[in-house]
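Spelled out from the first residue to the last, the chains are:
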Amino acid sequence: MSGSWVRIAAGVLAAIIVAVIGVQVSGTFQGSVDEATGGNTSVANAFMLVLAIALLIGFVVYAAVEYAQTGALRSISSQFDTRTIVLMPIAIAINIVLGQTVSAALKIPVYLDSIGTILVGALAGPIPGLLTGLLANLIWTFVLAGTPLGSPYAWPFAIVAAEIGLLAGIFGRLGFFRPRPNTPTPQLVVGTVVALAVLAALAYWGILPAYTKGVTFFGDLSGVDPFFVLMAYVIAAVLVIAAIGLVVILFTRRDLGVAYVVVGGAICGVISAIISAPISAVFFGGVTGSGTDFLVAAFQQAGSSLSESVLQQGLISDPIDKTITYIVVFVLLRTLSRRFTARFPQGEQAVGLVGA
Amino acid sequence: MLELHRVSYRYAGYATAVLHDIELTIADGEIVGLVGPNEAGKSTLCLVASGLAPASIGGALSGSLSIDGELMAGRPPHELAERVAIGFQNPDTQLSGVTATVFEEVALGPMNLGLPVAETLARTREALATLGIEDIAERSPNRLSGGQGQLVALASLLAMHPRHVVLDEPTAQLDPEGTRLVGEALRALAATGTALLVTEHKTDLLDGLCQRIIVIDGGRIVLDGPAGDVLADERLPGWGVEPPSRIRLARAMAGRGLDLDLIAGTLR
Amino acid sequence: MSEADVAFLQRLAPPTPSSYHRLNPFTKALAAVAESIAAFVIGGYVGPLAIFGLAVLPAAAMAGVLRRLVRVSVVLTLPIAISVVLISVFTRAGSTVLFTVGPFDATVEGVDFAGQVLVRLITLSTAIGLFGLTTEPRAFVFDLERRGLSPQLAFAATATLEAIPAMLERAKVIQAAQRARGLDTEGRIADRLRGVLPLVGPVVLSSLTEVEERTLALEVRAFGRRGRRHLLWTMPEATWEAPLRWVLLAVLVVIVAARLTGAWPAIP
């Protein structure tokens, strides 16, 4: 067990170092947006490249450390048993079908197109999760091309989907999806405080810095269109209600697992928003054809540049979307029979042992 | 020869065992029926006999499975696949879902073994011929009747050249026509000298097919004997097993003072 | 293998009715990706329209799928195109305001931006749509496996093709059943949110129950064995296709490098 921690730590550290170096080398990502073409291609591409290389090197380091420790790559190959391979297409179908039909049927501005990816990550591990996300978007574009379900617009986002699956795998291994029924009250209180603190920190350092221009929460409101002031209040109110809702659920269900899932979903959402914003801005002018486009329009109108508005939109929709998705997966895993889940490579970490 | 010696089995994530102290030997070319009430452990016994429990689904097995004298413990599923095959109820989920024709579906197993194309071709044709389904070789596997689907699933197993085949209620989801098709296929299979273990609710299908029948209840073997004796056993309905119609008819007749053998004699 | 055998196996491959269909799937895929990326990297109007008019349209005409391509592309592009037009036109910062709706100004710059995004989207969706209309997905995946893609990943890709229609069917049935029971997919947001789980749950759960049985059915066909397989048929590939792909790739790299370094000026 401790051996695998060393590998994970080494891999994550390597990815972060490479990303930081890459960011330093390629310069800042803000400010140099080319207004005529709606995005600075070179900057955004460099950003994507840095991330891709960072992920790749992190993975190589992980594999190398494992090979050095054990002389084999068992932790990676054992994540791909037949069961996982059979689950992957079903998971991809879940992504695509729910991503297209459910969000359209329910008419809410979330995507819900990563339930399958997160399910595979949680049950089978980080690498199958990563591969499921990657394959899902590539299949969506290339294998389904020429059918009404195909989407020519999915493949540039493959790297985002890969990150979502990877993260779900890591959270799954850490037991984030495990139900924790009948948590004693003191533990519940501490857990809730910690979860709220993590969420607040995430909001303060991860989300708020993106809103310093155009839309400001605490700045001077004179000269700002009342429409946007109202919108900011609505968003703030939603966040407060969500936090209160979390506390209420935690104390009525008495299951600290909910806090883990919400924190995991929020983290995943913020990271996804940061990675997908440049892709969306460069390829599609910030428009994805879904209900979130309205937000991009609003932020642009409020004075943000295209890439800023896409990021501002993403930082609202993605955490909401991913938190809902994580909760859906959490409930699904609890509904599935233990006989089923326990047979996956990471099944026991994901749902816990009998009576535990 | 397939031997289970002192086998007990517990599923992963569960505290109690579902099979207890199973002792079972199936000789080469022998056809054995397996009956018993629901939840008696029939499906589990099939999984254990095929080696998939624990090779694929985990869980805790005590005792041993050996095939032709070799212990199977610790072998990966693909090595077991060439020795013992297992078929299930639902034809749809047994199809791979990735092939465009029945021929490719049946060829999938030999291909997975890494066999050269000529060998795959020969095995596929042989399997289709054994079950008499050469005529649907170029049809889509998704557009078959339940009975045909089950035959394709069976052919896919035969193409692996296993000398032992375990079937878990192969006709449970089939209509009478499908049941008849599968029944004929099982007879054709038996004629090739393959050893068979068949779980089946429809005792009419076992009657005349099996040489030997085993009754299992509560995870233990409670009766093991020649097919004729077991099917005529008075305790069968008590284990939730309906005797074949031949025997029920004879009993009903006898209850009214008629001797079926006598009637058969008169008719003849 | 006899010549008849070879001919039989090749008949299992999907038909290739035109000379564009006969291009190797990998070549067509690379062309679609190169055209899409080039359209984005070059930007403006002239570049994407040139790719669309000089590469995609003639190829579609050659393949005889022009009308279907237009239809598919319109279906796929329309929703996103409407968003692009509405949002870009009204929200681009610009000096020349055409008209105003509420807090939103429509600007000339916005119209220009929307136009540029639209031509890129049209090029992208037709380039990829052409690939889809002229390539059987199975043939593409098999070809990738021949080039070294793992058989397991090849399975995952092709199985998705089967899984999606099956799941859509399920979603439809379940959605209809829940509407009949009064589940709201119209009302307030809170009601709709509450509608997510009852819909997602059954669709996903019913699909996942298949995973276990299909897993076991594949295990007995040696699916878990690692190693190459000998494929029954291959897609044709002309000798000049590999050099052609390298040329395409080289051109793409030059275009991307030229635009990134600013060596080439922006084309309107």
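Our subject in this report is the structure included herewith. (Residues numbered from 1 in each chain as written. Chains lettered and ligands numbered in written order. Predicted model: local features only at pLDDT ≥ 70, side-chain atom pairs only at ≥ 80, totals over all residues. Heavy atoms only, no water.)

A few points about the overall build of chain C
The test is simple: Strands here are runs of E lasting at least two residues and helices are runs of H or I lasting at least four, both read from the DSSP assignment and numbered beginning at the N terminus. Throughout this description, buried means an accessible area under 20% of the type-specific maximum (1.4 Å probe, protein chains only), exposed means over 50%, and partly exposed covers the range between. In what follows, a contact means two residues having at least one pair of non-hydrogen atoms within 4.5 Å. Residue-level accessible areas treat just the shown protein chains as cover; the underlying method is Shrake-Rupley with a 1.4 Å probe. Positive residues here are Lys and Arg, negative ones are Asp and Glu, while His and the chain termini are left out of the count. A charged residue contributes its charge at one atom only: NZ of Lys, CZ of Arg, CG of Asp or CD of Glu.
For chain C, the count of helices and strands is nine helices and two strands. Each principal axis of the C-alpha distribution contributes one length, and for chain C these read about 75 × 60 × 35 Å. In chain C, buried positions account for 50% of the 268 residues. In chain C, the share of contacts with a sequence separation of at least 24, taken over all contacts with a separation of at least 6, comes to 71%. Here chain C has roughly 12100 Å² of accessible surface; of this, 68% comes from carbon and sulfur atoms. Distance from the positive charge centre (26 side chains) to the negative charge centre (20 side chains) of chain C: 1 Å.

Quick look at the sheet that holds strand S8 (residues 195-199) of chain B
Residue and element names in this part refer to chain B. Using the following cut-off: Strands qualify as paired when DSSP identifies two bridges or more between them. Only the contacting stretch of a helix is used when fitting its axis, a line to C-alpha atoms as for every element, and angles between N-to-C directions run 0 to 180 degrees.
Strand order in this open sheet of six strands is S6-S7-S8-S3-S9-S10, and the pairing throughout is mixed. Strands with a single pairing partner mark the edges of an open sheet, and in this sheet they are strand S6 (84-87) and strand S10 (220-226). Across the sheet, the mean angle separating the axes of adjacent strands is 15° when strand polarity is ignored. Where strand S9 (residues 212-217) lies against S10, six bridges are found, and the strand directions are antiparallel. Note that in S10 the partner of Ile213 across the bridge is Gly225.

Observations concerning the pattern of salt bridges
Residues and elements named next belong to chain C. Note the following rule: Criterion for a salt bridge: a side-chain nitrogen of Lys or Arg within 4 Å of a carboxyl oxygen of Asp or Glu.
The full count for this structure, using the stated rule, is 29 salt bridges over all chains. Here Arg147 makes a salt bridge to Asp143, at a shortest N to O gap of 2.9 Å. According to the relative accessible area criterion, Asp143 is buried, its value standing at 2%.

Examining empty space enclosed by the protein
For the record, the criterion: Points on a 1 Å grid over protein atoms alone make up a cavity when a 1.4 Å probe fits among them but cannot get out, and a pocket when they form an open set with protein on both sides within 12 Å along at least five of seven lines; lining residues each have an atom within 4 Å of a point. Grid points are joined across faces, edges and corners, and a volume is the space filled by probe spheres set on the points. In this count, Pro and Cys sit with the nonpolar residues alongside Ala, Val, Leu, Ile, Met, Phe, Trp and Tyr, while Asp, Glu, Lys and Arg are called charged and the others, Gly among them, polar.
For the coordinates displayed, the defined rule picks out five cavities of 30 Å³ or more. Looking at the largest cavity, its volume works out to about 270 Å³. Val98(B), Leu108(B), Phe142(C), Glu145(C) and Arg229(C) are, among the 23 residues lining the largest cavity, the residues nearest its centre. Listed by contribution, the elements that provide at least two residues to the lining of the largest cavity are helix H5 (102-112) of chain B together with helix H6 (137-146) and helix H7 (151-180) of chain C. Top element by residues in the lining of the largest cavity is H7(C). It accounts for five residues. For the lining of the largest cavity, the class distribution of residues is 13 nonpolar, five polar and five charged.

Section: the side chain of His21(C)
Residue and element names in this part refer to chain C. Examined against the element boundaries, His21 turns out to sit in the loop between helix H1 (3-11) and helix H2 (25-42). For His21, a relative accessible area of 9% corresponds to the buried category. Setting aside its immediate chain neighbours within four residues, His21 contacts Thr16, Lys28, Ala63, Val65, Leu133 and Thr134.

Details of the packing of aromatic side chains
Selection rule: Pairing of aromatic rings covers Phe, Tyr and Trp, the last through its six-membered ring, and needs centres within 6.5 Å; plane angles under 30 degrees mean stacked, over 60 mean edge-to-face, and all others mean tilted.
Tallying each qualifying case throughout the model produces 10 aromatic pairs over all chains. Pairing Phe176(A) with Tyr260(A) gives two aromatic rings, centres 5.3 Å apart and planes at 85°, and the pair type is edge-to-face. Pair noted here: Phe176(A) is in the loop between helix H7 (158-173) and helix H8 (185-207) and Tyr260(A) is in helix H10 (residues 257-284), with a separation of 84 residues, a long-range link. On the basis of relative accessible area, Phe176(A) is assigned to the buried category, the value being 15%. Geometrically, the ring pair formed by Tyr9(B) and Tyr11(B) is edge-to-face, given 5.2 Å between the ring centres and 80° between the ring planes. Judged on exposure class, the residue Tyr9(B) and its partner Tyr11(B) are both buried. An aromatic cluster is built from Phe171(A), Phe176(A), Phe177(A), Tyr260(A) and Tyr326(A), whose rings are joined through pairwise contacts.

Here we look at the sheet that holds strand S2 (residues 19-26) of chain B
Residues and elements named next belong to chain B. Reading across from one edge, S2-S1-S4-S5 is the order of the four strands in this open sheet, with antiparallel pairing throughout. Every other strand in the sheet has two partners, leaving S2 and strand S5 (70-71) as the edge strands with one partner each. Pairing analysis gives two bridges linking strand S4 (residues 60-67) to S5, with the strands arranged antiparallel. Among the inter-strand pairings, Ser66 is bridged to a residue of S5, identified as Leu71. Its contacts with the sheet place helix H1 (residues 42-50) against strand S1 (2-10), S2 and S4, and it is angled at close to 125° to S1.

A few points about the environment of Ile164(C)
Positionally, Ile164(C) belongs in helix H7. In the structure, Ile164(C) is positioned 162 residues away from Ser2(C) in sequence and 39 Å away in space, judged by C-alpha atoms. With near-sequence residues (within four places) excluded, Ile164(C) lies in contact with Ala93(A), Ile96(A), Val97(A), Leu144(A) and Leu149(A).

Focus on the nonpolar core
Selection rule: What we call a nonpolar core is a set of buried Ala, Val, Leu, Ile, Met, Phe, Trp, Tyr and Cys residues that are connected through their side-chain atoms within 4.5 Å.
Counting residues in each nonpolar core, the largest one holds 132 residues, and the members touching the most others are Ile115(A), Phe284(A), Leu333(A) and Leu208(C). Beyond its immediate sequence surroundings of up to four residues, Phe284(A) is in contact with Tyr153(A), Pro156(A), Phe157(A), Ile279(A), Phe40(C), Ile80(C), Val117(C), Leu121(C) and Leu124(C). Ranked by size, the runner-up nonpolar core spans 92 residues in total, among them Ile57(B), Leu154(B), Leu236(B) and Ala13(C).

Describing a nonpolar patch on the surface
Residue and element names in this part refer to chain A. As a reminder of what qualifies: Patch criteria: residues need more than 30% relative accessible area and no salt bridge. Like-charged residues are merged within 9 Å; nonpolar side chains of Val, Leu, Ile, Met, Phe, Trp and Tyr are merged within 5 Å.
On the surface, Ile53, Leu56, Ile57, Phe59 and Val60 cluster together into a nonpolar patch covering about 420 Å² of accessible area. By the element assignment, Phe59 lies in helix H2 (residues 41-70). Its relative accessible area of 34% is what places Phe59 among the partly exposed residues.

Observations concerning the interface of chain A and chain B
Our working definition: Defined here as a combined quantity, buried area equals the accessible surface (1.4 Å probe) lost by two parts on assembly, summed across both. In protein, a polar contact requires one atom able to donate a hydrogen and another able to accept it; more generally it is a pair of N or O atoms within 3.5 Å, and residues adjacent in sequence count only if both atoms are side-chain atoms.
Contact residues are listed per partner, giving six residues for chain A and six residues for chain B. Taken together, the two surfaces of chain A and chain B that pack against each other cover about 620 Å², and 51% of this comes from carbon and sulfur. Scanning the region where chain A abuts chain B turns up zero salt bridges. Counting across the chain A and chain B interface gives one residue pair in polar contact (both at pLDDT 80 or more). For the side of chain A that touches chain B, the residue count by class is two nonpolar, no polar and four charged.

Some remarks on unusual backbone geometry
Residue and element names in this part refer to chain B. Note the cis peptide between Ala53 and Pro54, where omega equals 10°. For Pro54, the location among the structural elements is in helix H2 (residues 52-55). The residue Asp21 is not glycine, and still its phi comes out positive at about 50°. Along the chain, Asp21 turns up in strand S2. A residue is classified by how much of its surface remains accessible, and Asp21, at 43% relative accessible area, is partly exposed.

As for the packing of H5(B) against helix H7 (residues 146-158) of chain B
Residue and element names in this part refer to chain B. Rules: Rotating anticlockwise by less than a right angle from the far helix to the near helix defines a left-handed crossing, while the corresponding clockwise rotation defines a right-handed one.
At a minimum axis distance of 7 Å, the contact between H5 and H7 shows a crossing angle of 35°. Where H5 crosses over H7, the two elements pack in a sense that is right-handed. Between H5 and H7, the residues in contact are Val102, Glu105 and Val106 and Val152, Ala155 and Ser156, respectively. Residue composition of the contact of H5 with H7, by class: four nonpolar, one polar and one charged.

Some words on H5(B)
Of all the 11 residues making up H5(B), 11 are buried; the element is thus mostly covered by neighbouring parts of the structure. Residue Gly114(B) follows H5(B) closely and has a positive phi angle near 80°.

Focus on H10(A)
Residue and element names in this part refer to chain A. As a reminder, the rule being used: Expected span of a helix: the number of residues minus one, times 1.5 Å. A residue's bend is given by the angle between axes fitted to the 7 residues ending at it and the 7 residues starting at it.
Relative to the 40 Å expected for 28 residues at 1.5 Å per residue, H10 spans 38 Å between its end C-alpha atoms, a close match to the ideal helical length. A maximum bend of about 35° is found in H10 at Ser276, where proline Pro278 lies one to four positions downstream. H10 sits mainly inside the fold: 24 of its 28 residues count as buried. One or two residues past the end of H10 sits Gly285, with phi positive at roughly 60°.

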